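# A closer look at the structure
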Amino acid sequence: MSYQKKFNELNVLQQLCPQCAIDPTCHSIYIKGHSASDFNIPVVYTKPGEATMYDDTIGIVRHFRGVADTIHPNPWIWVFDGRWIDYETFI
């Protein structure tokens, strides 16, 4: 089973992040697919500028840690999309 399918199944997402199971825009952390190489490396995508709960530090760390633990010990790629980040995101 691919990481994308495993991660995006609702029951897995509810365990990783109950908030994002209800509203996937809460933390804006997704497994978008796999690299275009023979290694089939999962690609994790996050865009804090679109997160509706950008100030939920504990929830974001728990969600990201859950994603990393789902993939561990295999390699993965993290795409951090910095578009639309404003000063409120970091305060």
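If you're wondering where the values come from, they're calculated on a predicted model, not measured in any experiment.

Here we come to the sheet that holds strand 3 (residues 77-80). With mixed pairing, the three strands of this open sheet are ordered in space as 1-2-3. If you trace the sheet from one side to the other, it starts and ends with strand 1 (29-34) and strand 3, each paired once. With strand direction ignored, the average angle separating the axes of adjacent strands in the sheet is 25°. The pairing of strand 1 with strand 2 (residues 42-46) spans five bridges and is antiparallel. Residue pairing across strands places Gly-33 opposite Val-43, the latter belonging to strand 2.

By the element assignment, Ser-28 lies in the loop between helix 3 (18-22) and strand 1. Since its relative accessible area comes to 1%, Ser-28 is described here as buried. Within the local environment of Ser-28, its side chain forms a polar contact with the backbone oxygen of Lys-47, the two atoms lying 3.0 Å apart. What Ser-28 contacts, discounting residues up to four positions off in sequence, is Tyr-45, Thr-46, Lys-47, Glu-50 and Ala-51.

Rules and cut-offs
- Residues numbered from 1 in each chain as written.
- Predicted model: local features only at pLDDT ≥ 70, side-chain atom pairs only at ≥ 80, totals over all residues.
- Heavy atoms only, no water.
- Pairing = 2+ DSSP bridges.
- Helix = DSSP H or I, 4+ residues; strand = E, 2+ residues; numbered from the N terminus.
- Axes fitted to C-alpha atoms, helices over the stretch in contact; angles between N-to-C directions.
- Buried < 20%, exposed > 50% of the residue type's maximum accessible area, 1.4 Å probe, protein only.
- Polar contact = N/O pair within 3.5 Å; in protein donor to acceptor, adjacent residues only side chain to side chain.
- Contact = heavy atoms within 4.5 Å.

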